[in-house]
Amino acid sequence: MGYSKFFCATMLFLISFMEVAGQDCTLGIGGKNSETIVSIFQLKASQKALMDTLRDQLAIEEKKVEDEIQKLFREHPQSSEEDLMKLAVKYKALQQQVVDLARETDIKLLSVFNERQYQRYLLLCKEAIREPISIVPMVYKDSIAPK
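What comes next is a walk through the structure. Worth saying up front: this structure is predicted, and the values here are computed from it rather than measured.

Considerations on the nonpolar core
Stage number 1. Counting residues in hydrophobic clusters, the biggest one holds 18 residues, and the most contacted among them are Leu27, Ile37, Leu109, Leu110, Phe113 and Tyr121.
Stage number 2. Every element with two or more residues in this core is listed here: helix H2 (34–41), helix H3 (45–75), helix H4 (81–110) and helix H5 (115–127).
Stage number 3. Ignoring sequence-local partners within four residues, the contact set of Leu110 consists of Leu27, Tyr118, Tyr121, Ile133 and Ile135.

Below you can see the structure in the form of structure tokens.
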């Protein structure tokens, strides 16, 4: 039984760290750096409100997937190598759901960035050697027309 748990842990570890190169440049809206995002990108009040809403929605969706992961570990057979391989594949699919949820959330916030904010995002991604998420920045009209 010890071998099975070791094998399972090793498989999950290896699956978790595959494909490090070429990762998306994420904002991390679901993390604890909300104020950093507001500060770095100088978000307007409406953008901050959207980010807060997106963060709350993401937390709800991530909790659902985390519950599925816990259920998977509780209920999936783990008595053979074949069982463990199936478990690893199912676990990887659930992990990918979390990644996809975070990416979709980032896209929603990035889509309301103006050109300057998006350019700052591109620069930071380049410095971090990450692949930026491609969107078309919003074009905002000034509320005061030139006279």
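Once the structure has been displayed, the description carries forward.
Quick word on the pattern of salt bridges
Stage number 1. Going through the model one piece at a time under the given rule, you end up with 7 salt bridges.
Stage number 2. A salt bridge links Lys48 to Glu35; the nearest nitrogen and oxygen atoms lie 3.9 Å apart. Highlighted residues: Lys48 in helix H3 and Glu35 in helix H2, separated in sequence by 13 residues.
Stage number 3. The partner of Glu61 in a salt bridge is Lys64, with the nearest N and O atoms 3.3 Å apart. Of this pair, Glu61 and Lys64 both sit in helix H3, 3 residues apart, roughly one helical turn.
Stage number 4. Counted as one network, the salt bridges with shared partners bring together Glu35, Lys48, Asp52 and Arg55.

Comments concerning H3
Stage number 1. With 31 residues, H3 should cover 45 Å at 1.5 Å per step; its first-to-last C-alpha distance of 45 Å lies within 8% of that length.
Stage number 2. Those residues of H3 that are buried are in contact with H2, H4 and H5.

Notes on the packing of aromatic side chains
Between two aromatic rings, the relevant description is the distance of the centres plus the angle of the planes.
Stage number 1. Counted by the stated rule, this structure contains 3 aromatic pairs.
Stage number 2. Here the aromatic rings of Phe41 and Phe113 are separated by 5.0 Å at their centres, their planes lie at 45°, and the arrangement is tilted. Taken together, the residues span a long stretch of sequence, with Phe41 in helix H2 and Phe113 in the loop between H4 and H5 at a distance of 72 residues.
Stage number 3. Between the aromatic rings of Phe73 and Tyr91, the centroid separation amounts to 5.3 Å while the plane-to-plane angle is 40°, which identifies the pairing as tilted. Separated by 18 residues along the polypeptide, Phe73 in helix H3 and Tyr91 in helix H4 bring together distant segments of the chain.

Observations regarding the side chain of Ser34
Stage number 1. Along the chain, Ser34 falls in helix H2.
Stage number 2. A residue is classified by how much of its surface remains accessible, and Ser34, at 10% relative accessible area, is buried.

Section: the environment of Gln42
Stage number 1. Among the structural elements, Gln42 can be located in the loop between H2 and H3.
Stage number 2. What makes Gln42 partly exposed here is its relative accessible area of 45%.
Stage number 3. In sequence terms Gln42 and Gln117 are 75 residues apart; their C-alpha atoms lie 7.6 Å from each other.
Stage number 4. Every residue in contact with Gln42, bar those within four places of it in the chain, is listed here: Ile37, Gln47, Arg116, Gln117 and Arg120.

Notes on H5
Stage number 1. The terminal C-alpha atoms of H5, which comprises 13 residues, lie 18 Å apart, in line with the 18 Å expected from a rise of 1.5 Å per residue.
Stage number 2. All of the buried residues along H5 are Gln117, Tyr118, Tyr121 and Cys125. Each buried residue of H5 sits inside an arc of 95° when the element is viewed along its axis, so together they form one side. Turned more than 90 degrees off the buried face of H5, the exposed positions are Lys126 and Glu127.
Stage number 3. For H5, the secondary structure elements touched by its buried residues are H2, H3 and H4.
Stage number 4. Its side-chain oxygen at 3.1 Å from the backbone nitrogen of Arg116, Asn114 defines the N-terminal cap of H5.
Stage number 5. Count one or two residues on from H5 and you reach Ile129, which has phi positive near 55°.

What counts and what doesn't
Residues numbered from 1 in each chain as written. Predicted model: local features only at pLDDT ≥ 70, side-chain atom pairs only at ≥ 80, totals over all residues. Heavy atoms only, no water. Core = buried A, V, L, I, M, F, W, Y, C linked by side-chain atoms within 4.5 Å. Buried < 20%, exposed > 50% of the residue type's maximum accessible area, 1.4 Å probe, protein only. Helix = DSSP H or I, 4+ residues; strand = E, 2+ residues; numbered from the N terminus. Contact = heavy atoms within 4.5 Å. Salt bridge = Lys/Arg side-chain N within 4 Å of Asp/Glu carboxyl O. Expected span 1.5 Å × (residues − 1). Phe/Tyr/Trp six-rings, centres within 6.5 Å; stacked < 30°, edge-to-face > 60°. Arc of directions from axis to C-beta. Polar contact = N/O pair within 3.5 Å; in protein donor to acceptor, adjacent residues only side chain to side chain.

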